[in-house]
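Commentary on secondary and tertiary structure
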Amino acid sequence: MSNLETPPKRGPNVPPGCILVNEKWRGSNFERELAVVGKGLYCDGLGPIDFYPSELCPVVYISESDLIGLSYERKLKQVLQIPRQHGAIIAVRNNFTLKHFSELQDQCYTLKLTLIPIGSMSELPQMLLQLAYVECKSPSNPFKHKQKPSDDLAALQLKLFRLIPEVGEKKAKLLLEKFGHPQGIASVPKEMLIAKLTPIVGEKSAQNIFNFYYEKNRLK
């Protein structure tokens, strides 16, 4: 048994085309906004996990108030106690949370948690739909392709890179090789980012990626 790979830790079953949502979100503005663009299934028993775009991708949301009040630290500790194969932290990064987001970024890097920035909670439904979409594009017969846990994590990071506008499979692989995960790009100083990216993906794509990380979130 010691030579066998540990199988991925799966969460609750998530029907195709749906997002599993923690019951605590029921009745919120998020519920109404998600209903406009997708379908959410609300249930108890998810613990600190806010969403499951797929059974292999638990997502925890950290709001602006969580960041400023530092209550996110408790959430991170809870997430680490849950067996999982991979997942993501989605957090609000704007002018008000920039300092705290940077601290969260450092912690996620240390804990090997994937961090995805959004400009405001209004962007959350669309980001979850994008995650659900890329998660559903796995091989139709998983028994034909035995993957190691590390391969599965790399596949998720590749999918996250492809969420960046105009970044296709080839450029996503180049970014994965260079930075390891999307958070690696965010860790590059703003003034150096385009210069770092241009030799890898070209000047136009470097500017698009810069805009995605900064102008999209209205950072100065």
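Here is a short report on the structure shown in this document.

Calculation notes
- Residues numbered from 1 in each chain as written.
- Predicted model: local features only at pLDDT ≥ 70, side-chain atom pairs only at ≥ 80, totals over all residues.
- Heavy atoms only, no water.
- Axes fitted to C-alpha atoms, helices over the stretch in contact; angles between N-to-C directions.
- Helix = DSSP H or I, 4+ residues; strand = E, 2+ residues; numbered from the N terminus.
- Parallel < 35°, antiparallel > 145°, perpendicular 65-115°, else oblique.
- Left-handed = near helix turned anticlockwise from the far one by under 90°.
- Contact = heavy atoms within 4.5 Å.
- Nonpolar A, V, L, I, M, F, W, Y, C, P; charged D, E, K, R; others polar.
- Expected span 1.5 Å × (residues − 1).
- Buried < 20%, exposed > 50% of the residue type's maximum accessible area, 1.4 Å probe, protein only.
- Arc of directions from axis to C-beta.

**Some thoughts on the packing of helix α7 (residues 169-179) against helix α9 (residues 190-201)**
- Interhelical geometry of α7 versus α9 gives an angle of 130° and a closest axis separation of 10 Å. Relative to α9, α7 is oriented oblique. For α7 against α9, the interelement crossing comes out right-handed. In this structure, α7 uses K171, L174, L175, K178 and F179 to contact α9, whose residues at the interface are L197, I200 and V201.
- Broken down by class, the residue content of the contact of α7 with α9 amounts to six nonpolar, no polar and two charged.

**Re the packing of α9 against helix α10 (residues 203-213)**
- Between α9 and α10, the least distance of the axes is 7 Å, while the angle of their chain directions is 140°. Judged on the interaxial angle alone, α10 and α9 are oblique. Read as a crossing pair, α9 and α10 show a hand that is right-handed. Contacts from K190, L193, I194, L197, T198 and V201 in α9 reach E203, S205, A206, Q207, I209 and F210 in α10.
- Here the residues of the contact of α9 with α10 are counted per class, giving seven nonpolar, three polar and two charged.

**A word on α9**
- In this model, α9 (12 residues) spans 17 Å end to end at C-alpha, consistent with the 16 Å of a helix rising 1.5 Å per residue.
- Looking at α9, one finds that the buried residues are L193, L197 and V201. End-on, the buried residues of α9 take up no more than an arc of 20°, which puts them together on one face. Seen from the open side of α9, the exposed residues pointing more than 90 degrees away from its buried face are E191, A195 and P199.
- Buried positions along α9 lie against α7, α8 (182-186) and α10.
- At the exit of α9 stands G202, carrying a positive phi of roughly 95°.

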